[in-house]
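Close look at the chain arrangement
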Amino acid sequence: MSSPSVPRNAYTDSPEQHPNLILGSWQLLFWIFFRPSAWRIHLTRIDPALHPNSNRWKHLQWRNWNLWKFLIQGYLILPLSTNLLIKLMSLGFSEPREDFIVRTIISMAISLVFGLSLSIVVRVAVGIVTTWTLSIAFSLAFNLTIIITSLVLLVVGIALLIEQPDEMNFTKIIYVFLKLKLIIKPLIKLGRIILIRPLQKILNNSLYKLDEINDNTLVKDDKCSLLRYHSAFWDEWENRQLKGLDKHLILVIERNPTEGRAAIQYLSTSSQRWAAQAALLEMDTRKIEGCVDLDNIRHLHIDLATGEFEVENLVATLIRSFSHISEDVDAALNQVTTYNKRLTLKTVANKLDELSRQLITSNDPYATRLQPVPLRWSKIITDYSDELAKAAELRQEIDSPYIIGNPLTEQQEIFVGRNDISTRIEQLLLDQRRPPLLLYGQRRMGKTSLLNNLGRLLPNTIVPMFVDLQGPVSGASDYTGFLYNIARGMVESAKRKRGLVLPSLTRESIAADSFTCFDEWLDKVEQTLGNNTALLELDEFEELDSAIAKERFDEQDVLGMLRHIIQHRPRFKVLLAGSHTLEEYQRWASYLINVQVVNISYLQEDEARQLIEKPVKNFPLHYEPDAVDRVIEITRCHPCLVQLLCSEIVALKNEQPPANRRLTTWRDVEKAVQEALRSGSLLFADIERNQVNKADLELLKFLAAKGEGATVSKKVLSRQFPDNLNSTLNLLVRRDLLEEDGDGYRFQVELIRRWFARK
């Protein structure tokens with residue numbers, strides 16, 4: 001289906017046949033010699049039984065008019081028109097007029113009989129049931145071969161006529177040609193080099209010049225270009241790079257993006273895919289150069305074709321870098337608070353400075369072109385951040401530094417505490433037995449935030465290499481993708497956290513023998529480490545276990561590799577992180593022997609107070625002492641819930657008059673609780689849906705209804721829930737939802753209790 005901006009039957013391997021019987025016949029002949037894919041698709045469109053790979057010729061639909069039209073064109077119209085053309089050419093040999101009709105009929109009969117005879121011979125000798133289409137194809141090809149080679153034989157024929165003018169005519173020349181049929185193929189190949197290629201070059205250059213000359217007029221009239229007549233779109237046998245095709249594509253894309261996209265999509269699967277790639281790189285470079293404001297920058301990654309690049313060169317890498325920066329800018333502008341917008345934009349500015357230095361050190365022409373871009377973008381971002389700061393100051397707003405729902409990165413100042421855990425990890429890393437570590441804690445306890453910030457807490461001799469097993473790693477379709485994504489995470493993390501550049505690893509380099517090549521890559525990584533130690537942080541290990549359980553990966557291959565790294569690579573330490581113990585995943589326990597568990601739970605009270613009162617330097621919001629105590633009581637120093645409640649407190653204070661804005665009271669905390677329950681509904685719903693079952697949920701609701709701080713004895717609970725009470729209670733305690741209090745149980749966190757009390 002063509003669109004108004006794309007010519008009909010252009011940029012496709014399934015064009016429609018011309019409705020005129022004669023022109024349609026010659027079109028079939030053209031397809032056989034230049035577009036065999038169009039020929040095959042046309043056969044299937046008429047009747048699937050006609051396809052060369054089909055063996056259902058007995059099921060031909062003989063009532064199908066298109067089938068009869070095809071047979072008439074192949075066996076009658078084309079031979080007749082071809083031989084008529086040949087006979088008109090033969091008039092140049094001064095053939096007697098009275099012999100013209102007779103010789104025409106004879107030569108036409110030769111081609112008809114030859115094609116039909118071949119059909120019968122092949123069917124009897126080989127038993128191939130597709131010779132109906134083969135015979136027609138040969139008949140069509142035979143006629144075009146006569147025309148092409150007759151140009152070569154013309155010179156020979158003239159020479160013969162000079163010597164024996166009374167005995168030689170064009171029919172005899174064709175007879176001589178058939179005798180020399182063994183040289184037809186070399187002649188056609190030679191004819192292609194000598195005749196067709198020069199004509200193609202002239203045609204292609206002329207089409208580009210005409211489109212270039214008429215560019216402004218075509219834009220105004222919204223007409224389609226002449227690109228569709230380029231030989232790249234009708235000559236499937238040409239494997240050479242057709243020079244200038246990329247420039248023509250760029251010209252069309254600029255004028256008619258829809259047509260340009262259709263042309264690139266067609267070329268992307270042909271021998272001219274290089275031109276599509278070159279055009280995409282050039283157009284993306286122009287889009288990057290054309291970003292003049294923040295709105296352009298934030299939406300740039302949507303328009304860039306980074307996912308379509310097959311080449312791995314500096315230009316493609318640079319374009320991907322600009323795309324990632326655009327995504328970061330968009331994420332920054334989507335932040336709820338002004339403070340977090342400015343904080344994230346500051347990180348983006350640092351990335352732009354790094355990219356600018358990379359461009360300056362490169363001699364690549366594209367790098368030279370793009371050198372001014374990071375400086376321009378950095379100024380745009382800095383100016384916007386300054387405007388945000390001035391606007392916030394004028395409104396006397398309190399910037400909220402709190403991050404809800406996303407792990408804290410190493411750039412975010414709000415990360416506090418966890419020194420006791422980092423000290424424990426450091427001690428275990430010095431253990432000569434090299435035990436694997438498991439960072440265990442419930443969801444939203446800050447495991448990923450800690451992993452992101454371990455680089456700040458551990459000595460510089462330890463190189464954290466963070467790999468998120470959730471997403472591309474566990475979602476890979478094969479081991480090549482699995483190991484490539486692990487390596488990519490290690491490389492990016494080492495560079496970001498320690499400035500250490502690890503050897504690169506490409507998909508292609510590990511495709512043949514993934515695990516062996518990955519192991520050899522680890523040898524190179526160890527050489528790069530020198531005297532340092534690599535801490536391989538594998539976050540969300542449950543996701544990888546799920547992939548193994550679904551049999552997308554083999555348990556022995558994956559876990560055996562981890563065990564091999566632990567046992568035989570002293571420079572590598574492995575740290576898993578998850579919300580389950582290895583006892584719950586026995587297959588892991590059997591491979592990772594002597595795993596050391598590091599628990600991560602609530603913040604220390606002094607750490608929670610710092611997060612409440614001084615999350616960042618010069619935080620303008622102050623708390624009355626009982627207000628801070630109330631936040632701690634309600635959240636139990638749960639890191640995520642402290643941030644959630646404090647974020648709502650900041651939002652509440654910004655709605656109050658400036659005179660009351662900078663001091664938080666106990667009453668403000670209570671008001672913010674209801675908003676925290678609403679805005680944090682996804683967090684609480686995750687507990688309800690993913691951490692407890694129906695029986696657990698009923699017990700939680702029962703306890704929640706008893707009120708704040710209420711303890712219910714096990715005796716009362718056993719009367720209310722007689723079935724499997726012990727296992728239910730043990731699970732809820734392990735999930736950090738309930739805790740024992742004497743001979744009874746109560747909620748650990750008041751804010752979570754209030755969520756279940758609402759149900």
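Calculation criteria
- Residues numbered from 1 in each chain as written.
- Predicted model: local features only at pLDDT ≥ 70, side-chain atom pairs only at ≥ 80, totals over all residues.
- Heavy atoms only, no water.
- Helix = DSSP H or I, 4+ residues; strand = E, 2+ residues; numbered from the N terminus.
- Contact = heavy atoms within 4.5 Å.
- Buried < 20%, exposed > 50% of the residue type's maximum accessible area, 1.4 Å probe, protein only.
- Pairing = 2+ DSSP bridges.
- Axes fitted to C-alpha atoms, helices over the stretch in contact; angles between N-to-C directions.
- Polar contact = N/O pair within 3.5 Å; in protein donor to acceptor, adjacent residues only side chain to side chain.
- 1 Å grid on protein atoms, 1.4 Å probe; cavity = no way out; pocket = protein on both sides within 12 Å on 5 of 7 lines; lining within 4 Å.
- Points joined across faces, edges and corners; volume = space filled by probe spheres on them.
- Nonpolar A, V, L, I, M, F, W, Y, C, P; charged D, E, K, R; others polar.
- Phe/Tyr/Trp six-rings, centres within 6.5 Å; stacked < 30°, edge-to-face > 60°.
- Lys NZ or Arg CZ within 6 Å of the ring centre and 35° of its normal.
- Core = buried A, V, L, I, M, F, W, Y, C linked by side-chain atoms within 4.5 Å.
- Parallel < 35°, antiparallel > 145°, perpendicular 65-115°, else oblique.
- pLDDT = per-residue confidence, 0-100.

Turning our attention to the overall build of the protein. Helices and strands together make up the secondary structure of the protein, namely 34 helices and 10 strands. The contacts of the protein with a sequence gap of at least 6 include a subset with a gap of at least 24, amounting to 73%.

Taken residue by residue, helix α27 (residues 625-635) has A627, V628, R630, V631, I632, I634 and T635 as its buried positions. Where α27 is buried, its residues contact α26 (605-613), β6 (622-623), α28 (639-654), β7 (663-664), α29 (666-679) and α34 (750-757).

The strand order across the open sheet formed by 3 strands is β8-β10-β9, and the pairing between neighbours is antiparallel. The outermost strands of the open sheet, each flanked by one partner alone, are β8 (712-713) and β9 (738-741). As judged from the 4 bridges shared by β9 and strand β10 (residues 744-747), these two strands associate in the antiparallel manner. Looking across to β10, one finds that E739 is bridged to R746. Across the sheet, helix α31 (residues 694-704) is in contact with β8, β9 and β10; its angle to β10 comes to roughly 85 degrees.

Our focus in this paragraph is the sheet that holds strand β1 (residues 437-440). If you walk across this open sheet you meet the 5 strands as β2-β3-β4-β1-β5, and the pairing is parallel. Looking at strand neighbours, the two that pair on one side only are β2 (462-468) and β5 (596-599), the edges of this open sheet. Taken pair by pair, the neighbouring strands of this sheet meet at an average axis angle of 25 degrees, ignoring direction. Alignment of strand β3 (residues 533-539) against strand β4 (residues 572-578), held across 6 bridges, turns out to be parallel. If you follow A534 over to β4, its bridge partner there is F572. Against the sheet, helix α20 (residues 479-498) makes contact with β2, β3 and β4, and its axis sits at roughly 135 degrees relative to β2, the strand it touches most.

Here we come to the side chain of Q442. Along the polypeptide, Q442 turns up in the loop between β1 and α18 (447-457). Q442 gets classed as buried once you look at its relative accessible area, which sits at 4%. At 3.3 Å, the side chain of Q442 and the side chain of Y440 are in polar contact. Setting aside residues up to four positions removed in sequence, Q442 forms contacts with K447, S579, Q691, R734, R735 and D736.

On to empty space enclosed by the protein, then. Per the stated rule, a full pass over the model turns up 3 cavities of 30 Å³ or more. Surrounding the largest cavity, 16 residues form its lining, Q442, R443, H638, I687 and I752 being those nearest its centre. With 4 residues, the top contributor of residues to the lining of the largest cavity is helix α30 (residues 681-691). When grouped by side-chain class, the residues that make up the lining of the largest cavity number 8 nonpolar, 3 polar and 5 charged. In this structure, the second largest cavity encloses a volume near 80 Å³. Every residue lining the second largest cavity is counted, 14 residues in all, and those nearest its centre are I486, L536, L538, M561 and L562. The set of elements that each furnish at least two residues to the lining of the second largest cavity consists of α20, α22 (514-529), β3 and α24 (555-568). Of the residues forming the lining of the second largest cavity, the biggest block, 4 residues, is contributed by α24. Of the residues in the lining of the second largest cavity, the class split is 14 nonpolar, no polar and no charged.

With that settled, consider the packing of aromatic side chains. Applying the stated criterion across every chain, the model contains 13 aromatic pairs. Ring geometry for F30 and W234: centres 5.7 Å apart, planes at 50 degrees, overall tilted. In this pair, F30 is assigned in helix α1 (residues 21-34) and W234 in the loop between α8 (215-221) and α9 (245-255), connecting sequence segments 204 residues apart. The interplanar angle of 25 degrees and the centroid separation of 5.5 Å between the aromatic rings of Y479 and F553 together place this pair among those described as stacked. Of this pair, Y479 sits in helix α20 while F553 sits in the loop between α23 (541-549) and α24; the two residues are 74 residues apart in sequence, bridging distant segments of the chain. An aromatic cluster is defined as three or more aromatic residues linked by ring pairs; in this entry it consists of Y479, F482, F515 and F553. Positioned above the aromatic ring of F553 is the side chain of R552, whose terminal nitrogen or guanidinium carbon lies 5.6 Å from the ring centre.

Turning to the nonpolar core, a few remarks are in order. Ranked by size, the top nonpolar core spans 59 residues in total, and within it L645, F684, L717, I752 and F756 carry the most contacts. With 8 residues, α28 is the single largest residue contributor to this core. Apart from the residues lying within four places of it in its own chain, the contact partners of L645 are V631, I634, T635, V669, A672, V673 and A676. Counting 47 residues, the second-largest nonpolar core is a separate cluster that includes F482, L536, F541 and Y585.

Moving on: the packing of helix α13 (residues 314-333) against helix α16 (residues 372-395). Helix-helix packing is described using two parameters, namely the angle between the two axes and the distance between the axes. Contact pair α13 / α16: the axes reach a minimum separation of 13 Å and the direction vectors enclose 5 degrees. Considering the angle they form, α13 stands roughly parallel to α16. Counted together, F322, I325, V329 and L333 of α13 and V373, P374, W377, I381 and Y384 of α16 form the full contact between these two elements. Here the contact of α13 with α16 is composed, by residue class, of 9 nonpolar, no polar and no charged.

Let us now look at the confidence of the model for the protein. The predicted model of the protein averages 78 in pLDDT, with 79% of residues at 70 or higher. Averaged over each element, pLDDT in the protein is lowest for helix α6 (residues 170-179) (44) and highest for α27 (94). Ignoring residues within four places in sequence, the model shows residues 114-136, a span with pLDDT below 50, making 31 contacts including any to other chains. Confidence drops under a pLDDT of 50 for residues 138-182, and excluding neighbours within four residues, the segment shows 59 contacts in the predicted structure.

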